Amino acid sequence: MAIQSNKFAAVIAAAGILALAPQAVAEDAEGWAGEGSLSAGTTTGNTETTDLGLGVDLARTAGIWTYGVEANADYGEIDGLETRNRYFLAGNVDRLINDRLFGFGRVSYEADQFTGFDSRSFVGGGLGYSIYDNDTTTWSVRGGPGVKIDELKTTGETETSFGAVGRSEFGYAFNENVSLSNNTDVLYGEESTQLSNSLGVTAALSGALSARVSFDVRYDTNPPLGFEDTDTATKIALVYGFGK
């Protein structure tokens, strides 16, 4: 019952954050833009396997509001046995305060069958700042408090605690065809904190199609007994961009 109650509370809080956005989308909205990706890679840590992945990253700007949706899933098998099963969902609502400063609300949910957690959720918000935004370099940071909910696989217990989220998004364009990205995330909780970094290089192939090579590192400060604290993933992906 505690798990169901916490999940229900997370849904209610998420609805409250999304309600901060205006109900009507401005007529001058730029529309949805983003990318979809299909990847293959190898992992180390709690799983050492090869897997396939799907990802979607979308954003829509309507006046001073920006809506963002992110979803990805990874799955792998060896000799018919499941060795990788992870999916992640997140949503953001950003509101500009001035040219560089903005407020945001965020909801995220992660399930990974090969870590010590059945799921990890976060609901919160805060402030962000755009440090660079020009033709070659983009860099923004954001952070703020919230509620973190961890469902432990080893005990079946649910831990709800004060949490905080931090994110750095950096991008650099070497030229019109090749770019680098580095995104760092921190999800703080009283019982456990997750840190992750994703470094990628993307090269245009033809039209909206690109290729990407990336290296991801995920670290958990206090994993349940019997689980590794560090996971890595090396991926090669085909990326299709649209709406830009």
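Anyway, here's the lowdown on the structure attached to this text. (Residues numbered from 1 in each chain as written. Predicted model: local features only at pLDDT ≥ 70, side-chain atom pairs only at ≥ 80, totals over all residues. Heavy atoms only, no water.)

## Let's talk about the overall build of the chain
Rules: Secondary structure counts use DSSP, requiring at least four H or I residues in a row for a helix and at least two E residues in a row for a strand, with both numbered from the N terminus. Only protein chains enter the calculation, and the probe is 1.4 Å; a residue is then buried if its accessible area is under 20% of its type maximum, exposed if over 50%, and partly exposed in between. Residue-level accessible areas treat just the shown protein chains as cover; the underlying method is Shrake-Rupley with a 1.4 Å probe.
When you go through the chain residue by residue, the secondary structure sums to one helix and twelve strands. Going from the N terminus to the C terminus, the chain shows its helices and strands as α-β-β-β-β-β-β-β-β-β-β-β-β. Per-residue burial for the chain yields a buried fraction of 36% across its 244 residues. Here the chain has roughly 13400 Å² of accessible surface; of this, 59% comes from carbon and sulfur atoms.

## Digging into the pattern of salt bridges
Counted only if it meets this: The salt bridge definition used is simple: a Lys or Arg side-chain nitrogen within 4 Å of an Asp or Glu carboxyl oxygen.
Applying the stated criterion across every chain, the model contains eleven salt bridges. The closest approach of N and O atoms between Asp 94 and Arg 142, which form a salt bridge, is 2.9 Å. With Asp 94 in strand S4 (residues 81-96) and Arg 142 in strand S7 (residues 137-152), the pair connects residues that are 48 residues apart, well separated along the chain. Relative accessible area serves as the criterion here: at 13%, Asp 94 is assigned to the buried category. The buried category is assigned to Arg 142, whose relative accessible area is 14%. Notably, a salt bridge pairs Arg 167 with Glu 169, separated by 3.7 Å at the nearest N-O pair. Taken together, the shared-partner salt bridges in this structure form one network comprising Asp 74, Arg 86, Glu 110, Arg 120, Arg 218, Asp 220 and Lys 235.

## Notes on the pairing of S4
The condition is simple: Strands pair, by our definition, only if DSSP identifies at least two bridges between them.
As paired strands, strand S3 (residues 65-78) and S4 are joined by 14 bridges and run antiparallel to one another. In the sheet register, Val 69 faces S4, and the bridge partner there is Gly 91. Hairpin connection of S4 to strand S5 (residues 101-112): four residues between the antiparallel strands.

## Brief notes about the sheet that holds S5
Stated formally: Every angle, taken between N-to-C directions, lies between 0 and 180 degrees, and every axis is a line fitted to C-alpha atoms, over only the stretch in contact when it is a helix.
Spatial ordering of the closed barrel is given by S1-S2-S3-S4-S5-S6-S7-S8-S9-S10-S11-S12, a layout of twelve strands whose pairing is antiparallel. With direction set aside, neighbouring strand axes in the sheet form an average angle of 20 degrees. Across eleven bridges, strand S2 (residues 50-62) lies against S3 in antiparallel orientation. Note on S3: the bridge partner recorded for Leu 54 is Ala 73.

## Details of the side chain of Lys 148
Basically, it comes down to this: By the criterion applied in these results, polar contacts are pairs of N or O atoms within 3.5 Å in which, for protein atoms, one can donate a hydrogen and the other can accept it, and in which residues neighboring in sequence qualify only through two side-chain atoms. Any two residues whose heavy atoms approach within 4.5 Å at even a single point are treated as in contact.
In this structure, Lys 148 sits in strand S7. Among the residues examined, Lys 148 registers a relative accessible area of 0% and is labelled buried. A distance of 3.1 Å separates a polar atom in the side chain of Lys 148 from a polar atom in the side chain of Gln 194. If we ignore the near neighbours within four places in the chain, the residues touching Lys 148 are Ser 121, Phe 122, Glu 159, Thr 160, Ser 161, Gly 163, Leu 187, Tyr 188, Gly 189, Ser 192 and Gln 194.

## Structural notes on a nonpolar patch on the surface
Stated precisely, the cut-off is as follows: A residue counts toward a patch only above 30% relative accessible area and without a salt bridge, and it is joined to like-charged neighbours within 9 Å or, for Val, Leu, Ile, Met, Phe, Trp and Tyr, to nonpolar neighbours within 5 Å.
Taken together, the side chains of Phe 162, Val 186, Tyr 188, Leu 195 and Tyr 219 define a hydrophobic patch exposed on the protein surface, amounting to about 420 Å² of accessible area. As for its position among the elements, Tyr 219 is in strand S11 (residues 209-220).

## Section: the environment of Thr 234
With respect to the secondary-structure elements, Thr 234 resides in strand S12 (residues 230-242). When the C-alpha positions of Thr 234 and Phe 215 are compared, they lie 4.6 Å apart, and in sequence the two are 19 residues distant. Excluding its chain neighbours within four sequence positions, the residues that come into contact with Thr 234 are Ala 40, Gly 41, Thr 42, Ser 214 and Phe 215.

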